[in-house]
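Descriptive structure summary
In case you want the letters, here they are:
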Amino acid sequence: MTSHHRTRASWTARAVALGRAVGRGDLYDGLAERALPRLVRPAVRGLRAAAALPGGRAAVAVGLGGLNVHAALRMHAVDAEVERAVFAGIRQVVVVGAGYDSRAWRLEALRGANVVEVDRPATQRRKRAAMADLTPLADVQFVAADLAEDSLLLALAPTSWDRQHPTLWVWEAVVPYLDDTAVRSTATGLAELSAPGSRLVMTFAHPVGGGGLAGAFVDGGARLAFEALGEPLRSSYDDWDITALVTEAGFEDPVVTGASEWARAVGQGAPRLVFAAERLVTAARR
């Protein structure tokens, strides 16, 4: 990444925080609005209130292009994987490209666990300032690094992370912004740093948003939008390709899910088309 990316907080991280803050019904992140400018926060609460009115949920979703629905469902899906890993005995979590992730402050399952958040310096400075007055449930350590240029192993060296113990790697909403070479090298690096019993939780972009000509139109529009934000989408994989990629990297038993499965897990209807291209793969290191 360029120096510009190193000195500017991520716009997409803030957009996702907005989506999580608004959420869908009872499924939202009450801490996410801290990542937003103070003038925007009352609007977030107003949108949540509007969504509670008859017909309001659909209207809010349309107004935000479905971002709130997708962000809330993805948040819950990743939350569930984190809880599953912790309940299975993993006590150290590394969040790769943490953005405004709030799990160390809100997930009871992480109480007392070691959490290391890795992200670009500018985004991390803003995130730390936003959360400064809150006490996390986990033991949180921050590592300022740009993994497009910096070694993850060296970045983790000053922390309490121990490669002799299983690690949960949370790699959420990062892969689409990396090219294929960077994705493969990072996945391989994570596997090499993983003790047996470690797990990978990773989101990725599917090549076409929803399929067909309409999906291709949405996919092309999304790429133009992210390009305009200065954070272009650089990679996408179908389910077969991503399972092959994580397997070749050194993980096993990959499982892929998407918005339909995430919605069913919380008893909600599946979102339509918009953002349907982002999916989740989980895998283990044996």
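Residues numbered from 1 in each chain as written. Predicted model: local features only at pLDDT ≥ 70, side-chain atom pairs only at ≥ 80, totals over all residues. Heavy atoms only, no water.

**Some words on helix α11 (residues 239-249)**
- Buried residues of α11: I242, T243, L245, V246 and A249, and no others. Take α11 and look down its axis: the buried residues cluster within an arc of 160 degrees, on one side only. Opposite the buried face of α11, at more than 90 degrees from it, the exposed residues are W240 and E248.
- Lining the buried residues of α11 we find α9 (180-192), β5 (199-205), β6 (252-257) and β7 (278-284).
- In this structure D238 caps α11, since a side-chain oxygen of it lies 3.1 Å from the backbone nitrogen of W240.
- Looking one or two residues past α11, G250 carries a phi angle of roughly 125 degrees, positive in sign. (Buried < 20%, exposed > 50% of the residue type's maximum accessible area, 1.4 Å probe, protein only. Helix = DSSP H or I, 4+ residues; strand = E, 2+ residues; numbered from the N terminus. Arc of directions from axis to C-beta. Contact = heavy atoms within 4.5 Å. Polar contact = N/O pair within 3.5 Å; in protein donor to acceptor, adjacent residues only side chain to side chain.)

**Focus on unusual backbone geometry**
- Look at A173: it is not a glycine, yet its phi comes out positive at around 60 degrees.
- Along the chain, the position of A173 falls in the loop between β4 (168-171) and α9.
- The phi angle at D253 is positive, at roughly 55 degrees, despite the residue not being glycine.
- Here D253 is to be found in strand β6.

**Focus on the nonpolar core**
- Grouped together as the largest cluster of nonpolar side chains are 32 residues, with contacts concentrated most on W169, W171 and M202.
- Those elements that place two or more of their residues in this core are β1 (92-96), β2 (114-119), α8 (152-156), β4, α9, β5, α11 and β7.
- Excluding residues that lie within four positions of it along the chain, W171 makes contacts with V96, L178, V183, T186, A187, L190, L200, V201, M202 and T203.
- Core analysis: the next-biggest nonpolar cluster, separate from the first, contains 31 residues, L27, A98, V115 and L168 among them. (Core = buried A, V, L, I, M, F, W, Y, C linked by side-chain atoms within 4.5 Å.)

**Looking at α9**
- Taking 1.5 Å per residue as the helical rise, α9 with its 13 residues ought to reach 18 Å, and the 18 Å between its terminal C-alpha atoms agrees with that figure.
- Turning to α9, its buried residues are V183, T186, A187, L190 and A191. Buried residues of α9, viewed axially, fall in a sector of 140 degrees; they line one side. Opposite the packed face of α9, turned more than 90 degrees from it, sit the exposed residues T181 and E192. (Expected span 1.5 Å × (residues − 1).)

**Some remarks on empty space enclosed by the protein**
- Using the criterion set out here, one finds two cavities of 30 Å³ or more in the structure.
- Within this model, the largest cavity holds a volume of roughly 50 Å³.
- For the lining of the largest cavity, the residue count by class is six nonpolar, one polar and three charged.
- Taken together, V82, V93, V95, D101, R103, A104, L110, V115 and V170 make up the full set of residues lining the second largest cavity. (1 Å grid on protein atoms, 1.4 Å probe; cavity = no way out; pocket = protein on both sides within 12 Å on 5 of 7 lines; lining within 4 Å. Points joined across faces, edges and corners; volume = space filled by probe spheres on them. Nonpolar A, V, L, I, M, F, W, Y, C, P; charged D, E, K, R; others polar.)

**A closer look at the pairing of strand β3 (residues 139-144)**
- For β2 and β3, the ladder comprises six bridges, and the chain directions are parallel. Note on β3: the bridge partner recorded for D119 is A144.
- For the handedness criterion, the β-α-β arrangement of β2, helix α7 (residues 121-130) and β3 is classed as right-handed. (Pairing = 2+ DSSP bridges. Right-handed = clockwise from strand over helix to strand, strands pointing away.)

**Here we look at the confidence of the model for the chain**
- On average, residues of the chain score 89 in pLDDT, and 87% of them are at 70 or above.
- In this model residues 1-6 is a low-confidence stretch, pLDDT under 50, and it forms 13 contacts with partners more than four residues away in sequence or in other chains. (pLDDT = per-residue confidence, 0-100.)

**What about the sheet that holds β5?**
- Pairing is mixed in the open sheet, where seven strands are placed in the order β3-β2-β1-β4-β5-β7-β6. Of all strands in the sheet, those with a lone pairing partner are β3 and β6, marking the two edges. With direction set aside, neighbouring strand axes in the sheet form an average angle of 20 degrees.
- Against the sheet, α11 makes contact with β5, β6 and β7, and its axis sits at roughly 150 degrees relative to β6, the strand it touches most. (Axes fitted to C-alpha atoms, helices over the stretch in contact; angles between N-to-C directions.)

**Thoughts on the environment of A259**
- Position of A259 relative to the elements: it lies in helix α12 (residues 259-265).
- The sequence separation of A259 and L280 amounts to 21 residues, and the corresponding C-alpha distance is 9.0 Å.
- Excluding its chain neighbours within four sequence positions, the residues that come into contact with A259 are L73 and P271.

**Quick notes on the layout of surface pockets**
- By volume, the largest pocket is sized at about 820 Å³.
- What lines the largest pocket is a set of 43 residues, among which G97, D119, A173, V174 and Y177 lie closest to the centre.
- At the level of secondary structure, the elements contributing two or more residues to the lining of the largest pocket comprise α2 (11-22), α5 (67-87), β1, α6 (103-106), β2, β4 and α9.
- With four residues, the top contributor of residues to the lining of the largest pocket is α2.
- Of the residues assigned to the lining of the largest pocket, the class counts are 20 nonpolar, eleven polar and twelve charged.

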